[in-house]
Each structure stands twice: as structure tokens, then as C-alpha cells.
Amino acid sequence: MAAVAPTLARRIARPGMLPLCSRPQAWGRAARQSPGLPRAPSLLLTQRRAFSNNKILVELDEGSGIATMKLKSPPVNSLSLDFLTEFCISLEKLENNRGCRGVIFTSAIPKIFSSGLDITEMCRKSTEHYAEFWRAVQEMWLRVYGSNMVTVAAINGSSPAGGCLLALSCDYRIMAENPKFSIGLNEAQLGIVAPFWFKDTFVNVVGHRVAERSLQLGCLHSAPEALRIGLVDELVPEEKLQDKAAAVIAQWLALPDHARQLTKSMMRKLVLDRLVAHREEDIQNFISFITKESIQKSLHMYMEMLKKKKG
Ligand SMILES: CCCCC/C=C\C/C=C\CCC/C=C/C(=O)SCCNC(=O)CCNC(=O)[C@H](O)C(C)(C)COP(=O)(O)OP(=O)(O)OC[C@H]1O[C@@H](n2cnc3c(N)ncnc32)[C@H](O)[C@@H]1OP(=O)(O)O
């Protein structure tokens, strides 16, 4: 855990301490510039603020109101408890900054966006650990899916399971057009089940039929296939990814904040409310599921398979 984080980390680990409604009101985020007006180039060049913790690099361009959150947790940006805690703290800082209106999520690790939940966090740990870990996973999703900001995933590498969830929770997904990169909710391949809110988020993006087939088969889709099924919105050459993401956010930000935010909230509310209402039950379900001996064996075999593939 990062030295700066323990207080907030404890808050995040306790239910209801950082409720979604504690964010600025949807219409309270200041539009610092009239929609669509060009900005003086000198402002664009000068007003950059960076802050970072161990695993997340954040840069805020105060001129445009667009931040970039770069995931940097080698070797594969797995979503460990520490990572999730730092992620939520960074996102909360941006959410509370009225000058920040959009966020790009991308990776600082070549070829990997995020390898999903850290499997070691789900192997042979205490019930208390599982509860804390799962609450942090929920928190990440609640914060990204429920964000008032415009969120874009600039997917510059493979993105299985929890990594795919992060991308699915954004408003827009742009993937590097590299056929070696894959993305999908592949939980079934690990012998585990994507929880209902992973599934709901997926269904909301690609539709029921595509989601059902992809989830049952635990598919990892190549970048072109992901575009075809609507899992990502566009493919661009990797070197153009960041510029494209910034351009997309600028386009979304040209609309009045309150109209866009209320529309987003209307589209996502049912799914968000379902988890908020059943958070503790969901944690208990996770614990009952993950502590089954058969599930522990499946995860162990999967980790062995990853190691063999490497060797
Ligand atoms: C009705 C009842 C329902 C009940 C349901 C209730 C609750 C639900 C229960 C559970 C839900 C859990 C949801 C889980 C979501 C997840 O995200 S699970 C994680 C899925 N992730 C993956 O499958 C990715 C696995 N990794 C890879 O495919 C590759 O590593 C790669 C990301 C493509 C990168 O490949 P490469 O560059 O070749 O790197 P290596 O494979 O060599 O990996 C480097 C080291 O990193 C370790 N590692 C990789 N991924 C993970 C990970 N996710 N977690 C932890 N560690 C990981 C890998 O083992 C290597 O380690 P060593 O260097 O060998 O030590």
C-alpha cells in the first residue's frame, strides 16, 4: 500500500464511506470554457499538472480539462488490492477537481492494457482478505461506470476479464489495431463466473446475444473481432491512440455537461443501483464461490498454465 494511501484506503475498504452521491452534482462540474470555442494554443501547452502514486501516473491538462490515467504496475497491470486502492484514490481526486472533465485510461506497460484481476489475490487467502479485495473491485467499477466525467479507454494492449471490465465501464473504447491484442470477459476459461454486474456492463455495450455467447465461451476477441461485435468503438494505429482519445473526449465535452451527465446517469442507473443495493450480498457470494476447493484448484491450474506457456 502506498504511504499516502492508508486513510483513504481504509475508507474505500468500508462500505458506504465514499458513496456515489458524494461526487459533485452532475451539473456542478464547471465548464471552464464555452462548448466548442477554440482555446488559445499557449494555454494548451502550459497548463499541465502531474501527480502519481506507485502504480498510476496521472497527468491533467488544465487547459483542456482532460486527464490521462496511465496504469503502470509491471509486469502486466494486474488489478491487485493495492492497485485498485491507488486507482480509486487517483480517480476520486480527478472527480473532485471541477477543472477535470474527461479522463483517458491507458497503459504504460507495452502490449498489455491490464491482465484483469490479480489472480493471486483470489488464491488461498483469508475471508477478510477476499471481502476487502472484492469491495475494492466493486469500488473501481462503481466509480468508473458512475463517473460524471467523460471516460475513454485507450486500449494499447491485451485486456482480459477485469481489464476488459474497466474498458467496458468507459463511455468510449479505442483499441490499437494490433491483431495480437485481445480483449474479452474470459472468466469461464478460468473456471470462474463473471458476476452479474460484469455481465450487465457487457450486455449494455454489445447486446444480450453477443454477450451470452462470448461469456459462455470465455472468448478473448482479437482487436478486429472486438470492433465487429461492438466491444470497442474504433481501432486506430497505436501511435495515434492517445491523440484520438483526446479528440473523442473534446468532441463529447463540446456538449453541455449537465445534459450529457444526466443522460449517462439515466442509461446506467439501473445497473449501478443493483450493485449498490446488493453490495454486501455480492461480497458474500464472491467469498462462497472463491473459497470452494474446486474453484481454488481451477485457479491454481490456470496459473500453472500461464507459467508453462512462459517456460
Ligand atoms: C451463479 C453464481 C455466480 C457466483 C459468482 C460470484 C462471484 C464471482 C467470482 C469470481 C469472479 C472473478 C472475476 C475475475 C476476473 C478476472 O479478471 S480474473 C483474471 C483473468 N486474467 C487472465 O486470464 C489473464 C491471464 N494472463 C495472460 O493471459 C497473460 O499473462 C497476458 C496478460 C496476456 C500477458 O502475457 P505475457 O506478456 O506473455 O506475460 P506472462 O503470461 O508471462 O505473465 C507475466 C507474469 O504475470 C503473471 N500474471 C499474468 N496475469 C496475471 C493475473 N491476472 N494475475 C496475477 N498474475 C498474473 C504471470 O503469471 C507471470 O508471472 P511470473 O513472471 O511467471 O511469476
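In this text the structure is predicted, and so the values were computed from the model without any measurement. Just so you know, the residues in each chain are numbered from 1, in the order the chain's sequence is written. Given that the model is predicted, a residue must reach a pLDDT of at least 70 before its local features are reported, and side-chain atom pairs must reach 80 or more before they are shown or counted; all residues, however, enter totals for whole chains, interfaces and linings.

**With respect to the site of the ligand**
For step 1, the next point in the chain: Around the ligand there are 28 residues in total, and Ser115, Gly116, Leu117, Ala161 and Gly162 lie nearest to it.
For step 2, the next point in the chain: Looking at the shell around the ligand, the elements that each hand over two or more residues are β7 (157–160), α11 (279–290) and α12 (293–310).
For step 3, the next point in the chain: Three classes are used: nonpolar for Ala, Val, Leu, Ile, Met, Phe, Trp, Tyr, Cys and Pro, charged for Asp, Glu, Lys and Arg, and polar for all others, with Gly counted as polar. Of the residues that constitute the shell around the ligand, the class distribution is 16 nonpolar, eight polar and four charged. Being near a molecule or strand means, for a residue, that its backbone-placed C-beta atom lies within 6 Å of it. We count a stretch as a helix when DSSP gives it H or I for four or more residues in a row; a strand needs E for two or more, and each element gets its number in order from the N terminus.

**Some thoughts on the environment of Asp171**
For step 1, the next point in the chain: Looking at the element boundaries, Asp171 is found in the loop between α5 (162–168) and β8 (172–176).
For step 2, the next point in the chain: Separated by 18 residues in the primary sequence, Asp171 and Ala153 have C-alpha atoms spaced 8.1 Å apart.
For step 3, the next point in the chain: C-beta atoms are first placed from the backbone for all residues, and any pair lying within 7 Å is then listed as a contact. For Asp171, the contacting residues outside a window of four places in its chain are Val150, Thr151, Val152 and Trp252.

**Quick notes on the pairing of β8**
For step 1, the next point in the chain: To sort residues by exposure, count the other C-beta atoms lying within 10 Å of each residue's C-beta; 20 or more gives buried, 12 or fewer gives exposed, and values between give partly exposed, all with C-beta atoms placed from the backbone. Most of β8 is tucked away, with five of its five residues classed as buried.
For step 2, the next point in the chain: Burial of β8 is two-sided: the residues Tyr172, Ile174 and Ala176 facing one way and the residues Arg173 and Met175 facing the other way are all buried.
For step 3, the next point in the chain: Here the rule is simple: two strands pair whenever DSSP picks up at least two bridges between them. Note: strand β6 (residues 150–155) against β8, four bridges, orientation parallel. Along β8, the bridge assignment pairs Ile155 with Met175.

**Some points on the pairing of strand β2 (residues 56–61)**
For step 1, the next point in the chain: Pairing between strand β1 (residues 48–52) and β2: five bridges, direction antiparallel. Across the sheet, Phe51 pairs through a bridge with Val58, a residue of β2.
For step 2, the next point in the chain: Here β1 folds back onto β2, and the loop between the two strands holds three residues.
For step 3, the next point in the chain: The pairing of β2 with strand β3 (residues 66–71) spans six bridges and is antiparallel. Residue pairing in the sheet places Ile56 in a bridge with Leu71 of β3.

**What to know about the sheet that holds strand β5 (residues 111–112)**
For step 1, the next point in the chain: Pairing in this open sheet of four strands is mixed, and the strands run β5-β7-β9-β10 from one edge to the other. A single partner strand is all that each edge strand has here, and the edge strands are β5 and β10 (221–222).
For step 2, the next point in the chain: In this structure, β5 lies alongside β7, joined through two bridges in parallel fashion. In the sheet register, Lys111 faces β7, and the bridge partner there is Gly157.

**Side note on helix α4 (residues 127–145)**
For step 1, the next point in the chain: Between the first and last residue of a helix there are one fewer steps than residues, each counted as 1.5 Å, and that sum is the expected span. Between its first and last C-alpha atoms α4 spans 27 Å; for 19 residues at 1.5 Å apiece the expected length is 27 Å, and the two agree.
For step 2, the next point in the chain: Among the 19 residues in α4, 15 count as buried, and that is most of the element.

**Looking at the confidence of the model for the chain**
For step 1, the next point in the chain: In predicted models, pLDDT denotes the confidence assigned by the predictor to each residue on a 0 to 100 scale. Looking at the chain, the pLDDT average stands at 88 and 85% of residues meet or exceed 70.
For step 2, the next point in the chain: Counted against residues more than four places away or in other chains, residues 1–44, with its pLDDT under 50, gives 61 contacts.
For step 3, the next point in the chain: For this predicted complex, the interface confidence comes out at an ipTM of 0.98, alongside a pTM of 0.90.

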